[in-house]
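# Working through the structure, step by step
For reference, the chains in residue letters:
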Amino acid sequence: MAVKNIRASIDIGSNSVLMLIGTASEAGVEVIDDYSHITSLGRDLDKTKMFHLESMSLTWNALTEYKDKSPNANTIVNLKLLLPLFITCNTMPAKKSRK
């Protein structure tokens, strides 16, 4: 019997944090479980250029919960190292393309 390679993916968006747990094969992805938390991380970001403390706390709580639910929880990179990178990448102003 083949051992399944279970993976988890986390999507941190402006309104929600999602996690999908599944196995991948040539046939596609078999979803084992998925989770969603509304965090409103991007609320008023365009006006204030700052995250709301409540939204940051909700996002942190979701990530901590997902870490505990991850099939490879012992191998996940420390969240404290990833969060500053996330904040930097997601608060940089987008460049408008010229056509």
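Going by the structure above, here's the rest.
Since this is a predicted model, take the numbers as computed values, not measurements.

### What to know about the environment of N15
Mapped onto the fold, N15 is located in the loop between β1 (6–12) and β2 (16–25). Sequence separation between N15 and H37 is 22 residues, and the spatial gap between their C-alpha atoms is 8.7 Å.

### Re the pairing of β1
Pairing analysis gives 7 bridges linking β1 to β2, with the strands arranged antiparallel. By the bridge assignment, R7 is partnered in β2 with G22. In this structure, the hairpin formed by β1 and β2 is closed by a connection of 3 residues.

### Digging into helix α2 (residues 53–69)
A rise of 1.5 Å per residue sets the reference length of α2, with its 17 residues, at 24 Å; its end C-alpha atoms lie 24 Å apart and thus fit the reference within 8%. For α2, every residue scored as buried is listed here: S55, T59, A62, L63 and Y66. Seen end-on, α2 carries its buried residues on one side only, within an arc spanning 95°. With respect to the buried face of α2, the exposed residues turned more than 90 degrees away are L53, E54 and D68.

### Focus: the pairing of β2
Judged from the 10 bridges that link them, β2 and strand β3 (residues 28–38) form a sheet pairing that is antiparallel. Across the sheet, residue L18 finds its bridge partner in β3, namely S36. Linking β2 to β3, which pair antiparallel, is a turn of 2 residues.

### Brief notes about the environment of S70
Assignment of secondary structure puts S70 in the loop between α2 and α3 (79–91). What makes S70 buried here is its relative accessible area of 10%. In the structure, S70 is positioned 64 residues away from I6 in sequence and 9.3 Å away in space, judged by C-alpha atoms.

Calculation criteria
Per-chain numbering applies: the sequence of each chain, read as written, is numbered from 1 onward. Under the rules for a predicted model, residues below a pLDDT of 70 receive no local features and side-chain atom pairs below 80 are neither given nor counted, while totals for whole chains, interfaces and linings still include all residues. Note that the side-chain values use all heavy atoms of the structure and ignore hydrogens as well as water. Secondary structure is summarised from DSSP: a helix means a run of H or I of at least four residues, a strand means a run of E of at least two, and numbering begins at the N terminus for each. Only when DSSP finds a minimum of two bridges between them are two strands counted as paired. Multiplying one less than the number of residues by 1.5 Å gives the expected span of a helix. The buried label goes to any residue with under 20% of its type's maximum accessible area, the exposed label to any with over 50%, and the partly exposed label to all in between, with areas taken from a 1.4 Å probe on protein chains only. The arc in question is formed by the directions pointing from the helix axis toward the C-beta atoms.

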